[in-house]
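Residue-level listing of the chains:
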Amino acid sequence: MDFSWVSEFWPILLGGLWRTLLLLVLGALFGFALAIPVAVARISPNPILYYLSGTFTTVIRGTPLLVQIYILYYGVGTLLAATPEVRTSIFWPYLRDGFWYVVVSLAISVAAYEGELLRGGLLSVAKGQLEAARAFGMSSGLMFRRIWLPSALRMLLPTLVGDTVLLLKSTALASTVAVVDLVGAANQVRTHTFLVYEPLLTVALVYLIITAMITSIAGLISRRVPQKAV
Amino acid sequence: MMRVSPDDATHRACAVKITGLHKSFGQLEVLKGISLEAREGDVVTLIGSSGSGKSTLLRCINLLEVPDAGTLSVGAEEIRFTPSRGGRPPRLDSHKVRGIRMRLGMVFQSFNLWNHMTVLENIIEAPLFVHGVARAEAVEFAKQLLAKVGLYEKRDVYPAFLSGGQQQRAAIARALAINPRVMLFDEPTSALDPELVGEVLKVIRDLADEGRTMILVTHEMSFARQVSSHVAFLHKGIVEEEGPPAKVFHNPQSERCRQFVSAQHALA
Ligand SMILES: Nc1ncnc2c1ncn2[C@@H]1O[C@H](COP(=O)(O)OP(=O)(O)OP(=O)(O)O)[C@@H](O)[C@H]1O
Ligand SMILES: [Mg+2]
């Protein structure tokens, strides 16, 4: 095994790590923010919202993430590139970069998976919890924000952590649209050094460390807020 | 023990007044024209067999159920329910609903403490977010209330780690924290192991002695006899018998009430 390349290529690896973490955090945050309306639509009495949300979830969960990324990047991206107004706009530097297409794809995917999860979580919150909120004069919005959603999230915490780890691994698909994330960085090292295993083993180890960190952060949170013993 | 003499009743302001209240669930008419009144300082107890509509009546008072007809006033807020077409419950003005609920402290049979919050957080939640009380003030009052119900040491514990009796006492503190005009209790001891009933009844008895206005559904007949100023016996959706406890328990006019009271007596 030859790791002498690390001294020369570490800035590339570091940049890759940064981009992987950014994809993870942005994908999770935007995705979760979207998952809430997806879940709410799914339990709403409004049939239009219900079916829209259901169709969205079915389509996104039923197709490979890689295909979604390609459709966004090559399909929508090419469309945008052919529009002069877009090319001259201040957003163009971002719209040309694969990074934001991957963020959007990840967020959509998270919204579909976590939206479905959250829907189940919301439905499993005991009726009495919500009744108490109403009895004390909370409006629907306040009740959702203060009681319903936090209650559901508490129950879902272990699953959400597992899904965040899955999301971390999905970010590796970014390298397929020329984003230099950890895998992209490893590929660059490979083309420069003609080494096969060492760069890949190195990034594999980094992924493992991030996973361990996610899990231990979740452990800290759930120790602060213990699961209900019922 | 009679708490108020009848002649002074008219001098006290009316806290809750219900007239002609009707409520149906589909074809089932559960409340068939109930009228009831609680003046400041009254302890009104609702008794009656299972399914007679006691919980439904209590839930109508804080509008967890929307009555089909009748009027309800809580303090200065009054709502008149008028049946809408198609048999659907009337739509209510959410401001009025909130105004009524802000004056009522509800204690549930199954406690319904919010599980994701500590005891203290449970108690300050409504004062902070519904009543707009400052945090420091809410926390201070919550601590006083916790001391009063004997749970000061448990303030940072999550409900799942409390006994049923402790959870119910915390729930009573939560209801008191909004300074309610009237406390509503729906069988507060029915979900408790027998050895835990006493500690909760003691808290409620203390509230009665302080002159709190309360409407209470209970199956604890001897407790009802001791703390009530007024007892209403519900049967099949109407108030079949009502009056001071001495009258309802010892000299009921209605045959149903007589049977119910003696059956409860035999059970106790
Ligand atoms: N949400 C509801 N939907 C349909 N029927 C209901 C509903 N709530 C109550 N009922 C029915 O209304 C009737 C009265 O119920 P309620 O809970 O008020 O009785 P209760 O006097 O409190 O009885 P218990 O002593 O068992 O608590 C019962 O027949 C019950 O099945
Ligand atoms: Mg009941």
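Residues numbered from 1 in each chain as written. Chains lettered and ligands numbered in written order. Predicted model: local features only at pLDDT ≥ 70, side-chain atom pairs only at ≥ 80, totals over all residues. Heavy atoms only, no water.

Peer 1: Explain the overall build of chain B residue by residue, including any values.
Peer 2: Per the secondary structure count, chain B includes 9 helices and 10 strands. Overall size of chain B, expressed as C-alpha extent along the three principal axes, is 50 × 45 × 40 Å. Expressed as a percentage of the 268 residues in chain B, the buried residues total 54%. Put simply, of all contacts in chain B between residues at least 6 apart along the chain, 65% involve residues at least 24 apart. Within the structure as shown, chain B displays about 11,700 Å² of accessible surface, and the carbon and sulfur contribution to it stands at 49%. (Helix = DSSP H or I, 4+ residues; strand = E, 2+ residues; numbered from the N terminus. Buried < 20%, exposed > 50% of the residue type's maximum accessible area, 1.4 Å probe, protein only. Contact = heavy atoms within 4.5 Å. Areas by Shrake-Rupley, 256 points an atom, 1.4 Å probe, with all protein chains shown as cover.)

Peer 1: Explain the overall build of chain A to me, and be specific about the residues and the numbers.
Peer 2: When you go through chain A residue by residue, the secondary structure sums to 10 helices and 0 strands. In chain A, the order of α-helices and β-strands from amino to carboxyl end is α-α-α-α-α-α-α-α-α-α. In terms of overall dimensions, chain A has a C-alpha envelope of 65 × 50 × 30 Å along the principal axes. Evaluated residue by residue, chain A yields a buried proportion of 41% over its 230 residues. Considering only contacts in chain A between residues 6 or more positions apart, those separated by 24 or more positions represent 78%. Taken as a whole, chain A presents about 12,400 Å² of accessible surface, with 72% of it coming from carbon and sulfur. Taking the average location of the 16 positive side-chain charges in chain A and that of its 10 negative ones, the two points are 15 Å from each other. (Lys, Arg positive; Asp, Glu negative; His and termini not counted. Charge placed at Lys NZ, Arg CZ, Asp CG, Glu CD.)

Peer 1: Lay out the site of ligand 1 with the relevant residues and their values.
Peer 2: All names here are of chain B. Taken together, 13 residues sit near ligand 1, with Ser 50, Gly 51, Lys 54, Ser 55 and Thr 56 positioned nearest. Within the contact set of ligand 1, an oxygen atom lies 3.0 Å away from a backbone nitrogen or oxygen of Gly 53. Within the side chain of Lys 54, one N or O atom sits 2.8 Å away from an oxygen atom of ligand 1. The fraction of the free accessible surface of ligand 1 (630 Å²) that becomes covered by protein chains is 60%. Every element with two or more residues in the shell around ligand 1 is listed here: strand S2 (28–39) and helix H1 (54–61). Looking at the shell around ligand 1 element by element, the count peaks at 3 residues for H1. (Near = heavy atom within 4 Å. Polar contact = N/O pair within 3.5 Å; in protein donor to acceptor, adjacent residues only side chain to side chain.)

Peer 1: Any details on the sheet that holds strand S5 (residues 77–81) of chain B? Residues and values, ideally.
Peer 2: Residues and elements named next belong to chain B. Strand order in the open sheet formed by 4 strands is S2-S1-S4-S5, with antiparallel pairing between adjacent strands. Among the strands making up the open sheet, the edge pair consists of S2 and S5. The average angle at which neighbouring strand axes cross in this sheet is 10 degrees, direction not considered. Both strand S1 (residues 14–25) and strand S4 (residues 69–74) contribute to a ladder of 5 bridges, which runs antiparallel. Residue pairing in the sheet places Thr 19 in a bridge with Thr 71 of S4. On the sheet, helix H2 (residues 94–101) packs against S4 and S5 and is oriented at approximately 125 degrees with respect to S5. (Pairing = 2+ DSSP bridges. Axes fitted to C-alpha atoms, helices over the stretch in contact; angles between N-to-C directions.)

Peer 1: Describe the packing of helix H1 (residues 6–43) of chain A against helix H8 (residues 140–170) of chain A, naming the residues involved and giving the relevant values.
Peer 2: Residue and element names in this part refer to chain A. H8 packs onto H1 with a crossing angle of 135 degrees between their chain directions and a minimal axis gap of 12 Å. Between H1 and H8, the interaxial angle falls into the category oblique. Where H1 crosses over H8, the handedness of that crossing is right-handed. Mapping the contact onto sequence places Thr 20, Leu 24, Gly 27, Ala 28, Phe 32, Ile 36, Val 40 and Ile 43 in H1 and Phe 144, Trp 148, Leu 149, Leu 153, Leu 160, Thr 164, Leu 167 and Leu 168 in H8. Looking at the contact of H1 with H8 residue by residue, the classes come out as 13 nonpolar, 3 polar and no charged. (Parallel < 35°, antiparallel > 145°, perpendicular 65-115°, else oblique. Left-handed = near helix turned anticlockwise from the far one by under 90°. Nonpolar A, V, L, I, M, F, W, Y, C, P; charged D, E, K, R; others polar.)

Peer 1: Let's hear about the pattern of salt bridges: which residues, and what values?
Peer 2: In this structure the tally under the stated criterion is 14 salt bridges over all chains. Note that Glu 116 of chain A is salt-bridged to Arg 119 of chain A, the shortest N-O span being 3.4 Å. Here Arg 119 of chain A and Glu 116 of chain A lie together in helix H6 (residues 98–123), a separation of 3 residues that amounts to about one turn. Residue Glu 116 of chain A is classed as partly exposed on the basis of its relative accessible area of 21%. For Arg 119 of chain A, a relative accessible area of 25% corresponds to the partly exposed category. Taking the shortest distance from any N to any O, the salt bridge between Glu 199 of chain B and Arg 169 of chain B comes out at 2.9 Å. Within this pair, whereas Glu 199 of chain B is found in helix H6 (residues 194–209), its partner Arg 169 of chain B is found in helix H5 (residues 164–176), the two being separated by 30 residues in sequence. (Salt bridge = Lys/Arg side-chain N within 4 Å of Asp/Glu carboxyl O.)

Peer 1: Any chance you could break down the interface of chain A and chain B for me, citing the residues and the numbers?
Peer 2: Tallying the contact residues gives 21 residues for chain A and 24 residues for chain B. Carbon and sulfur atoms make up 62% of the area that chain A and chain B hide from each other, which totals about 2,200 Å². Summed over the shared surface of chain A and chain B, the number is 2 salt bridges. A salt bridge links Glu 125 of chain B to Arg 146 of chain A; the nearest nitrogen and oxygen atoms lie 2.7 Å apart. Here chain A is connected to chain B by 9 residue pairs in polar contact (both at pLDDT 80 or more). Going through the elements one at a time, helix H7 (127–135) and H8 of chain A are the ones with two or more residues in the side of chain A that touches chain B. Ranked by residue count, the leading element in the side of chain A that touches chain B is H7 of chain A, at 7 residues. (Buried area = accessible area lost by both parts, 1.4 Å probe.)

Peer 1: Outline the packing of helix H2 (residues 47–61) of chain A against H6 of chain A, supporting the account with residue identities and numerical values.
Peer 2: Residue and element names in this part refer to chain A. Contact geometry of H2 with H6 gives a least axis separation of 9 Å together with a crossing angle of 115 degrees. Note on packing geometry: the crossing formed by H2 with H6 is left-handed. Mapping the contact onto sequence places Phe 56, Thr 57, Ile 60 and Arg 61 in H2 and Ile 108, Ser 109, Ala 111, Ala 112, Tyr 113 and Glu 116 in H6.

Peer 1: Any chance you could break down the sheet that holds strand S9 (residues 230–235) of chain B for me, citing the residues and the numbers?
Peer 2: Residue and element names in this part refer to chain B. Strand order in this open sheet of 6 strands is S6-S7-S8-S3-S9-S10, and the pairing throughout is mixed. Only two strands of the sheet have a single neighbouring strand rather than two, namely strand S6 (104–107) and strand S10 (238–243). On average, each strand axis in the sheet is inclined to that of its neighbour by 15 degrees, with strand direction left out of account. Each of S6 and strand S7 (182–186) is contacted by H5, which is oriented at about 170 degrees to S6, the strand it contacts most.

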